[in-house]
Amino acid sequence: MIQKLTMPWEDRPEGSKEVVWRYSQNPIIPRNLLPTSNSIFNSAVVCFGDRYAGVFRCDDTNRRMRLHVGFSDDAVSWKINEEPLKFTCDDAEIGEWVYGYDPRVCWIEDRYYVTWCNGYHGPTIGVAYTFDFVTFHQLENAFLPFNRNGVLFPKKINGNFAMLSRPSDNGHTPFGDIFYSESPDLEYWGRHRHVMSPAPFEQSAWQCTKIGAGPIPIETPEGWLLIYHGVLASCNGFVYSFGSALLDLDQPWKVKYRSGPYLLSPQKDYECMGDVPNVTFPCAALHDDETGRIAIYYGCADTVTGLAFGYIPEIVEFTKKTSIV
Ligand code: BMA
């Protein structure tokens, strides 16, 4: 999968010192794009041949959490299938749909893998693959419940598939560390390693309650660039911002640097008002190795989808310069 030069882009606004800045046309996907959608957010997009494809979290007007497939020529304007995504699965017990949300999509070797928060006696990490975004083959759930934010690495590490995840509870989880696991076959997972905990409140409060991996990590000379969300428990409820870390290339559970300040926090109306106020939740990024440009897709207030831009080398520098490790 080669990232295209036509990825979405808008220059940093004049006078802005932000490392990551918002698209002026946000939100790019309205909540009611589908006749049956209550909200479309926390979604994953990738390059797909000469266009783009994605797996979208579309909660319907029954407020059921569903996944839908979508396509786009410019990665900004999306056509999303009205019918929910249906996985094909050899094992009826695993394939039984309960709910699904917060998908990530990752190209590894010869196909796209989807991971998502899958309802199986509580939330856990569902795994499936597709070649064409039409047929999705569902595999075994990666972990025991309860778990969320399962994010694959785009290549094998030490000969194994590798995934970050965030063990949790069956509710709104007032805690949460990021862990790393490996698997030879995407079925049996082990070598679980601790990656990082929430930061001390006095040091970096936006990430002091829980943290979770966001988009697929990006390989840079300085390590795997991980954009992750962090949560502050404020007197008005949880506030979801996002920041960045650099993980060791060979041993990605070792955190080399981790940003103290956030890259982006809920500040715009569409991030602060919606079904769940004050949420910016990144699940995907497109990037271009030649220009260093990155376009980050993030859910806004659990209602709509936004886009933010930056330069990878600048985010790497920011992560190192402000690091709290
Ligand atoms: C998390 C997940 C996300 C959501 C966030 C804020 O636990 O459910 O999908 O964006 O809460 O509501």
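Residues numbered from 1 in each chain as written. Predicted model: local features only at pLDDT ≥ 70, side-chain atom pairs only at ≥ 80, totals over all residues. Heavy atoms only, no water.

- What UniProt states about the protein chain under its Sequence similarities (unreviewed entry) heading is, verbatim, "Belongs to the glycosyl hydrolase 130 family." (UniProt positions renumbered as here; feature names shortened; annotations may be inferred.)

1. Describing a negative patch on the surface
- Among the surface-exposed residues, Asp90, Asp91, Glu93, Glu96, Glu140, Asp185 and Glu187 lie close enough to one another that they form a single negatively charged patch.
- Looking at where Asp90 falls in the secondary structure, it is placed in the loop between β5 (79-80) and α1 (92-95).
- Residue class for Asp90 comes out exposed when judged on its relative accessible area of 84%. (Patch = residues over 30% accessible without salt bridge, like charges linked within 9 Å, V, L, I, M, F, W, Y side chains within 5 Å. Areas by Shrake-Rupley, 256 points an atom, 1.4 Å probe, with all protein chains shown as cover. Salt bridge = Lys/Arg side-chain N within 4 Å of Asp/Glu carboxyl O. Lys, Arg positive; Asp, Glu negative; His and termini not counted. Charge placed at Lys NZ, Arg CZ, Asp CG, Glu CD. Helix = DSSP H or I, 4+ residues; strand = E, 2+ residues; numbered from the N terminus. Buried < 20%, exposed > 50% of the residue type's maximum accessible area, 1.4 Å probe, protein only.)

2. Focus: the side chain of Ser165
- Residue placement: Ser165 occurs in strand β11 (residues 161-167).
- Looking at Ser165, the relative accessible area reads 4%, which means it is buried.
- Polar contacts involving the side chain of Ser165 include one to the side chain of Asn147, which spans 3.3 Å.
- Aside from chain neighbours lying at most four places away, what touches Ser165 is Phe143, Asn147, Arg148, Asn149, Gly150, Asp177, Ile178 and Phe179. (Polar contact = N/O pair within 3.5 Å; in protein donor to acceptor, adjacent residues only side chain to side chain. Contact = heavy atoms within 4.5 Å.)

3. Overview of helix α3 (residues 312-321)
- The complete set of buried residues in α3 reads Ile312, Ile315, Val316, Phe318 and Thr319. Projected down its long axis, α3 carries its buried residues within an arc of 160°, all on one side. Turned more than 90 degrees from where α3 packs its buried face, Pro313 and Lys321 sit exposed. (Arc of directions from axis to C-beta.)

4. Re the pattern of salt bridges
- Taken as a whole and judged by the stated rule, the model has 13 salt bridges.
- Between Lys155 and Glu219 there is a salt bridge, with the nearest N and O atoms lying 3.1 Å from each other. Of this pair, Lys155 sits in the loop between β10 (147-152) and β11 while Glu219 sits in strand β15 (residues 218-220), placing them 64 residues apart in sequence.
- Overall, the relative accessible area of 40% leaves Lys155 in the partly exposed class.
- The exposure class of Glu219 is partly exposed, given its relative accessible area of 43%.
- The structure contains a network of salt bridges with shared partners spanning Arg31, Arg63 and Asp275.

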